[in-house]
Amino acid sequence: MLAIMLALGAALSWGLSDFLGGLKGRSVPVVLVLLISQATALGLLTVIVLVRGAGPPDTESLIWAVAAGLSEMVGIAALYRGLSTATMSIVVPAAATAPVVPLVVGLPAAQVPGPLQTAGVILAIIGIVVTARRPGTATATRVGPSIGYGLLAALGFGLFFTAMDTASHGDIGWALLAARLASVTVMATVALALRPRPAVHRTELPTIAAIGALIVAADSMYATASTLGLLGVVAVLGSLHTIVTIALARIFLKEHLHRLQRFGVAITLTAVVAISAG
């Protein structure tokens, strides 16, 4: 029961952090939203690692962690950009197809997906295609970027899952810390080079910082849940974060989708559950 509650808590935290990230990206430059939220997450992870007292893992694990952090940075940047400029209810399901990437990466190593995962991949492709179709030229031009940002986010997150899986063989705490350190370093460099405007007003800081705290909370709850319960069940419950973000966009942003698009979103979410359960 505890594992189920933690997995649902992780889904809620991830979904809320995605929604807030996209929402704040509409009034604050996305690069600053990323930098502040990721820096907050880095600070929290540093405290956690210091309290645990575990020493750093081997160099190879740290290198994979850095690769994971850079991949995740691409995924989050694409996700927040898509959520802030396109239709959240379309971006999120497309981004949720990230589990397809580890499946494809594992094929050369003879890691053949099971029947349920294979069906999930096929459903994901169908769902994205159906979601991208909607009568009306003006609307279609908005759907394209939504799908594009979502798929780029899925690629970044998928590569993050793949690299983090290897990095975690050393120590999960250090792996997450090294990943965040890499992403914050790059984002700080980009922010210094671009000097984005407008600057962040101090009233925006607590909400943006909360995004980073929510991410750390979600990662921690999911990691704990995966050790207490069945991984297949935990993965499926964790994937429900997409529904949280879509629901928030529907409630607070009044997003409306064509009936065909709603069907496509439903197919895509079903695909995510099938891939995770498999």
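Scroll up for the structure.
The model shown is predicted, which means the values in this text are computed figures rather than measured ones.

Cut-offs applied
Residues numbered from 1 in each chain as written. Predicted model: local features only at pLDDT ≥ 70, side-chain atom pairs only at ≥ 80, totals over all residues. Heavy atoms only, no water. Helix = DSSP H or I, 4+ residues; strand = E, 2+ residues; numbered from the N terminus. Buried < 20%, exposed > 50% of the residue type's maximum accessible area, 1.4 Å probe, protein only. Contact = heavy atoms within 4.5 Å. Areas by Shrake-Rupley, 256 points an atom, 1.4 Å probe, with all protein chains shown as cover. Core = buried A, V, L, I, M, F, W, Y, C linked by side-chain atoms within 4.5 Å. Axes fitted to C-alpha atoms, helices over the stretch in contact; angles between N-to-C directions. Parallel < 35°, antiparallel > 145°, perpendicular 65-115°, else oblique. Nonpolar A, V, L, I, M, F, W, Y, C, P; charged D, E, K, R; others polar. 1 Å grid on protein atoms, 1.4 Å probe; cavity = no way out; pocket = protein on both sides within 12 Å on 5 of 7 lines; lining within 4 Å. Points joined across faces, edges and corners; volume = space filled by probe spheres on them. Salt bridge = Lys/Arg side-chain N within 4 Å of Asp/Glu carboxyl O.

Turning our eyes to something else, we now look at the overall build of the protein. Regarding its fold elements, the protein presents twelve helices and zero strands. In sequence order, the secondary structure elements of the protein are arranged as α-α-α-α-α-α-α-α-α-α-α-α. Looking at the protein residue by residue over its 278 residues, the buried ones come to 49%. For the protein, contacts bridging at least 24 residues in sequence account for 89% of all contacts bridging at least 6. Only carbon and sulfur atoms are counted for the fraction: they give 72% of the accessible area of the protein, which is about 13000 Å².

Bringing the nonpolar core into the picture now. The tendency in soluble globular proteins is for nonpolar side chains to be buried as a group. Formed by 57 residues in total, the largest nonpolar core has its most connected members in Leu79, Tyr80 and Met164. Of all the elements, helix H2 (residues 30–52) adds the most residues to this core, at ten residues. Beyond its immediate sequence surroundings of up to four residues, Leu79 is in contact with Asp18, Val91, Ala95, Ala153 and Phe157. One finds Leu6, Ala225, Val234 and Leu237 within the second-largest nonpolar core, a separate group that totals five residues.

Taken N-terminus to C-terminus, the directions of helix H4 (residues 88–95) and helix H11 (residues 241–252) make an angle of 175 degrees; their axes are 9 Å apart at the nearest point. Considering their axes alone, H4 and H11 lie roughly antiparallel with respect to each other. Contacts from Met88, Ser89, Val92 and Pro93 in H4 reach Thr242, Thr245, Ile246 and Ala249 in H11. Taken together, the residues of the contact of H4 with H11 sort by class into five nonpolar, three polar and no charged.

With that out of the way, let us pick up empty space enclosed by the protein. Per the counting criterion, the structure on display carries one cavity of 30 Å³ or more. Its boundaries defined by the atoms lining it, the largest cavity holds a volume of some 30 Å³. Forming the walls of the largest cavity are Leu34, Gln38, Glu72, Met73, Ile76, Ser183 and Met187. Those elements that provide at least two residues to the lining of the largest cavity are H2, helix H3 (59–85) and helix H8 (172–194). Looking at the lining of the largest cavity element by element, the count peaks at three residues for H3. The residue inventory of the lining of the largest cavity, partitioned by class, reads four nonpolar, two polar and one charged.

Looking at the second largest pocket, its volume works out to about 180 Å³. Around the second largest pocket, the lining residues are Ser89, Ile246, Arg250, Glu255, His256, Leu257, Arg262, Val265 and Leu269. Put simply, the parts of the chain that give the lining of the second largest pocket at least two residues each are H11 and helix H12 (259–277). With three residues, the top contributor of residues to the lining of the second largest pocket is H12.

All chains considered together, the criterion is met by four salt bridges. For the salt bridge of Asp171 with Arg52, the shortest nitrogen-to-oxygen distance reads 3.0 Å. Residue Asp171 is located in the loop between helix H7 (137–167) and H8, and its partner Arg52 is located in helix H2; the two are separated by 119 residues in the primary sequence. Taking the relative accessible area as the measure of exposure, Arg52 reaches 43% and is therefore partly exposed. Here Arg180 and Glu72 are joined by a salt bridge, their closest N and O atoms 3.2 Å apart. Of this pair, Arg180 sits in helix H8 while Glu72 sits in helix H3, placing them 108 residues apart in sequence.

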